Every structure is written in C-alpha cells, then in structure tokens.
Amino acid sequence: METIQNYIGGQYVASQSSRFAPVYNPATGKQVRQVVLSSSEEVEKAVAAADSAFPAWAKTSPLKRARVMFKFKVLLEQNSEELAKLISQEHGKVYSDALGELTRGLEVVEFACGIPHLQKGEHSANVGTGVDSHSLMQPLGVCAGITPFNFPAMVPMWMFPIAIATGNTFVLKPSEKDPSFAIKLAELLQQAGLPDGVFNVVNGDKEAVDVLLTDSRIQAVSFVGSTPIAEYIYATASAHGKRCQALGGAKNHCIMMPDAELDMAANAIMGAAFGAAGERCMALSVAVAVGDEIADDLVAALQTRIAEMRVGPGVVEGRENDMGPVITAQHKASICDYIKSGVDQGATLLVDGRELVVDDYEDGFFVGPTLFDGVTPDMTIYEEEIFGPVLAVVRVPDYQTALTLINRHQYGNGTAIFTRDGETARQFSEDVQVGMVGINVPIPVPMAFHSFGGWKRSVFGPLNVHGNDGVRFYTRMKTVTSRWPASVRLEHHASSFTMPTM
Ligand code: NAD
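As annotated in an unreviewed UniProt entry, the protein chain carries the name methylmalonate-semialdehyde dehydrogenase (CoA acylating) and comes from Photobacterium chitinilyticum.

Draft legend 1. A look at the overall build of the protein chain. Each helix and strand in the protein chain was counted, giving 17 helices and 23 strands. Here the C-alpha radius of gyration of the protein chain, 25 Å, is about what a compact globule of 502 residues would show, namely 23 Å. Taken over the C-alpha atoms alone, the protein chain extends approximately 85 × 60 × 40 Å along its principal axes. In the protein chain, which comprises 502 residues, the share counted as buried stands at 51%. Within the protein chain, contacts between residues at least 6 apart in sequence are counted, and of these 71% link residues at least 24 apart.

Draft legend 2. Highlighting the site of the ligand. Looking at the ligand, there are 27 residues lining it, with Pro148, Gly225, Ser226, Gly249 and Cys281 nearest. For the shell around the ligand, the class distribution of residues is twelve nonpolar, ten polar and five charged.

Draft legend 3. Fine view of the packing of helix α10 (residues 262-274) against helix α11 (residues 292-307). Following both chains from N to C, one finds α10 and α11 inclined at 55°, their axes separated by 10 Å at the closest point. Here α10 is positioned oblique relative to α11, judged by the angle of their axes. Of the two elements, α10 crosses α11, and the hand of that crossing is right-handed. Counted together, Leu262, Ala266, Ile269 and Met270 of α10 and Asp297, Leu298, Ala301, Leu302 and Arg305 of α11 form the full contact between these two elements. Considering only residue class, the contact of α10 with α11 consists of seven nonpolar, no polar and two charged.

Draft legend 4. Geometry of the sheet that holds strand β7 (residues 131-139). If you trace the three strands from one edge of the open sheet to the other, you get β6-β7-β23, paired in antiparallel fashion. The two strands at the open ends of the sheet, each matched to only one other strand, are β6 (122-128) and β23 (475-483). Each strand axis lies, on average, 25° off the axis of its neighbour in the sheet, ignoring direction. Where β6 meets β7, four bridges bridge the pair, whose relative direction is antiparallel. By the bridge assignment for β7, glutamate 122 is matched with serine 135.

Draft legend 5. The arrangement of unusual backbone geometry in detail. Of note, alanine 276 is a non-glycine position whose phi angle comes to about 55°, a positive value. Secondary-structure assignment places alanine 276 in the loop between α10 and β14 (284-290). Even without glycine at this site, histidine 466 takes up a positive phi of about 45°. With respect to the helices, strands and loops of the structure, histidine 466 is situated in the loop between β22 (459-460) and α16 (467-473). Residue class for histidine 466 comes out buried when judged on the 26 C-beta atoms lying within 10 Å of it.

Draft legend 6. Spotlight on the UniProt feature "domain: Aldehyde dehydrogenase" (unreviewed entry) in the protein chain. Sites flagged by UniProt as "domain: Aldehyde dehydrogenase" (unreviewed entry) map to residues 12-480. For residues 12-480, the end-to-end C-alpha separation is 42 Å, with 41% helix and 22% strand making up the annotated structure.

Draft legend 7. Main features of the pairing of strand β20 (residues 436-439). With burial as the criterion, only one face of β20 is covered, namely that bearing Met436 and Gly438; the residues Val437 and Ile439 on the opposite face remain uncovered. For strand β19 (residues 414-418) and β20, the ladder comprises four bridges, and the chain directions are parallel. For threonine 415, the partnering residue across the bridge sits in β20 and is valine 437. Where the polypeptide runs from β19 across helix α15 (residues 422-431) and back to β20, its parallel neighbour, the crossover connection is right-handed.

Draft legend 8. Just helix α3 (residues 80-91), in detail. If you check α3, its first and last C-alpha atoms are 16 Å apart, about what twelve residues at 1.5 Å a residue would give, namely 16 Å. Burial in α3 covers these residues: Leu83, Ala84, Leu86, Ile87, Ser88, Gln89, Glu90 and His91. Structurally, α3 contributes buried residues whose contacts are with β4 (20-25), α2 (62-78), α4 (95-112) and α7 (180-191). Once α3 ends, the next one or two residues include glycine 92, with phi positive near 110°.

Calculation rules
- Residues numbered from 1 in each chain as written.
- Predicted model: local features only at pLDDT ≥ 70, side-chain atom pairs only at ≥ 80, totals over all residues.
- Helix = DSSP H or I, 4+ residues; strand = E, 2+ residues; numbered from the N terminus.
- Rg over C-alpha atoms; globule rule 2.2 N^0.38 Å.
- Buried ≥ 20, exposed ≤ 12 C-beta atoms within 10 Å, placed from the backbone.
- Contact = placed C-beta atoms within 7 Å.
- Near = placed C-beta within 6 Å.
- Nonpolar A, V, L, I, M, F, W, Y, C, P; charged D, E, K, R; others polar.
- Axes fitted to C-alpha atoms, helices over the stretch in contact; angles between N-to-C directions.
- Parallel < 35°, antiparallel > 145°, perpendicular 65-115°, else oblique.
- Left-handed = near helix turned anticlockwise from the far one by under 90°.
- Pairing = 2+ DSSP bridges.
- UniProt positions renumbered as here; feature names shortened; annotations may be inferred.
- Right-handed = clockwise from strand over helix to strand, strands pointing away.
- Expected span 1.5 Å × (residues − 1).

Structural data, given as structure tokens:
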C-alpha cells in the first residue's frame, strides 16, 4: 500500500514513525493509501529546513518571488484535470466541484502574483522639516498552516501563496484524511523554481501540530478546522508568543422573505445546502422562512428538487453527479445520529438520507440529501454544526425574529437573505452579526483580493485570511524616520527632552 510521506527541504523524506492513518476513497469505502503520522522530531526537522531557508528567501526581490507564483499558477492550470481528480478521489466531492475548489485556490495565487505592489509599504515625505518617514512590510520567518479535510486544495492555498510571496517560509500540516494534494503542491512549487526548504509538508496528527504551536522558530500559525480545535490552536499558539488566525466551524442561516423569487432561491439553497455533501464551512444548513406561505412553497420546491438529485461517486465515466459521499464511515455515522436526534426532538423529517444506497458503490460513505421542517432553536440539529447534507427549515412570523435567531447563534461565518426588497437587504447587511453576507447569493465567499472570515465562534484572531488581511498577517511593519546630514543644522542637532512632535 502506498504511504504518503513528508516533503522537507525540497525532497521526500521517509518517516521513521510507526504510526499511520488510513486514507479512503469515500465513494468505494476502500482504503487506498496510508499516511504517516510524524513524530515531534520529524516535524522539528521540517521547521529547521524552513528556518534555514528563510534568510535568503526573505532577501529575494519581491519581483522574483512573484515570478515563482506566476509559474506555479501556470502549472496548476496545466495539471488541473489530474489535480481535481485527486481531490475528488480522496475527498469524495464531484469533479466539477473539485475544479471549482482548485480555481478558488488559484485565485489567491493570482493575488500573490501582485506582491511587489502589495508589499510596497508606506512613505511620507516631510513629516518634519527635512524629515521623511517610511514603513517596511517585512516577512516574519517560519509560518505554519494546519488545514481541514474539506478543502484539501483551497484552504492551504488561502495561506501559503501569500506567506511565501511576502518572503516567509512555510510548514504545512494537511488533514490526515486527504493528504495527497499537499504533496502535489510541494512538487509543483519546486517545478516553479521555489528554493528548497521554503515550502515543506509534514503529515500527522496532534503530536505534529503541537510542535508547530510551541516551537520558538515558528512565528505565525494559520488554522482552519472545527471550533474546539481552533480554540485550542489559538490559545496555545498565542501563549507561545505567535501570531495566530484560527478559523472554526459554522451554522449558516439564510432568510427566505415572503417576496423572494422562489425558483431562484430554491435552486440557490439546494446547491448551498447539498453541494460537497454539506461539508463546506459556508454550506447553508438552516433556511429561516418568514411566514407559513413562503415556508410551504419553499419546502415543496426543495422536495421536488431533492427527488431529482443525482448522488454518486465524484468521478465516474458517462455520468455527472450532483453530490458525492461524506469523508469517512465515522462521519457518516455522526450525521445519521444527528438525523435521529432531530426526529427524537420533534422535527418533521421530510426527506431521510440515511437509507440511501448507491448501485455499485454499496460500501461508499453516502448519506442522501435530508430535509427537516419545523425545526426549533432548542434542537441539537439547530444548535450544532452537522457538516453533512442536512437542511433544517425554521418557520418564523417576521423578519425581526429571523434576524434575532441568526444574531443569537454561537456561530457567525456566512449568511444570506433572499428578497426583492432593497431596503430589507440593506438593513440586513447592516444589522446581522455574521462575517460574510449574501444578498440573493447563497455562498458569499469573498474573492481572493478581499478577506475571508467569520464572526463569533467561527473565528479566533483579529486578521482574516487572504486579501489585505492576509498580507498584514504575514508581514510586520517597521517604520523608519530619517533625516539626512545635508539638512542637519545646529538648531536641529540639539538634544530635546520632550516628546517629538515634528
Ligand atoms: P478538524 O478540526 O478535525 O481538523 C482540522 C486540522 O486540525 C487537521 O489538520 C487535524 O489533523 C488537526 N487536528 C485535529 N484534532 C486536533 C487536535 N486535537 N490537536 C491538534 N490538531 C488537531 O476539522 P476537519 O474535520 O478536518 O474539518 C471540518 C471543520 O472545519 C468544520 O468544522 C468546518 O466548519 C471547518 N472549516 C472551517 C472553515 C472556515 O473558513 N471557517 C473552512 C473549512 C472548514
């Protein structure tokens, strides 16, 4: 069986660890590879490689660093079919969705190609007589990324293109559930001309992560994953003096107003709730319908569409599916437990995905699209993130109750409103306590040149990923105030014991 190893200092390094995790093809339910779970010493070697590559890379001109990104972008495009198939094979999402994920990651690489402009810093002439001031945006050193299973391509690419383009070196610890893509990234970066040691991949679990959180050579940690782990990462990395951005889980609501365009909204909600089998941090898992009339219409429209959904493997000859399997047998069991709890706690189960069997893929980790009506805020299926293809419809009498529900929820990643009324939409975007808002847009993921991040227990740390926040996260400001000898006259040269005011 193939073993996914580490990639350190520009080469594959066979791990000495005797611990491994299985990697499945979720569509067949069969193990296809295993991944090494590295020891602390092995992770320390990766940190050492990144640390020794840092001084030369930090001094490399931003133009040259950007040129590596340009080449990397072309290689990603040239290999996109093979890369998307690999995502689909280990994650389970359908091929078109895997290509979409790759594109969203590639857009951050495109953003990073502009680093000479983004990292220019600031300059003010004549802040005092004959005195100028300029700010440098300098790289931090070794940065670490710890990423989740659900976007094996896009989430690492939210991080390292900007970290590397700004002159840092990087150690990536991908999810042990779909680790192969990270190694492909390392190979393509090397082909693009990235010097050895600038980008390293270590595979592993908590033992590997704990080194990245505590080693004094690591300057910054970027994390994306579930909220309990995000909290742990943020607390531990911060306690060890590191910069940290830790993005957590979600429970994204949309509001269906009575004046919404029904077909457009129902189509949008279908894709957002069931795309990638609901395993997206921006998946819509709660539809809040304002008034029974629109609730009845929405539920009917969703049921019709669910009946037409094609569920099956992500890549299969002669057939394009809408939704693939979930990541593991354990995750399938957890989703089924949530569905049972919804029934037990009194929600109306309109479509039950638990019994779905896909022909020729009977052992795959499939859960069919599942629809609940009459969900109330006290139910576990409302409170917690299920991370599966389960959509809960909540009925409320008015807009204000819908807004209050969203604002009271522990998570605040994404949200959307479906309405034809501009004033309601504008008020919603002002008042909702959520980081990313869609107006008739179901999954409002910001583009690479904006920043991505939620509110409340969906994020820990002040700076979001990519866009300007990403550049700020991976650089530190140094502000230089200078006066040159030609302008030094005696009156400027005298000692002053008061706070300088220029
Ligand atoms: P996870 O938290 O289980 O794992 C994420 C990473 O943390 C993995 O690399 C894993 O190996 C590591 N990890 C797991 N347990 C650890 C521990 N005890 N100590 C140290 N490291 C540990 O998340 P997942 O199941 O891979 O991904 C799904 C979650 O990620 C969902 O909650 C989803 O909402 C969230 N997510 C959030 C965003 C966002 O932008 N906010 C994006 C994608 C995914």
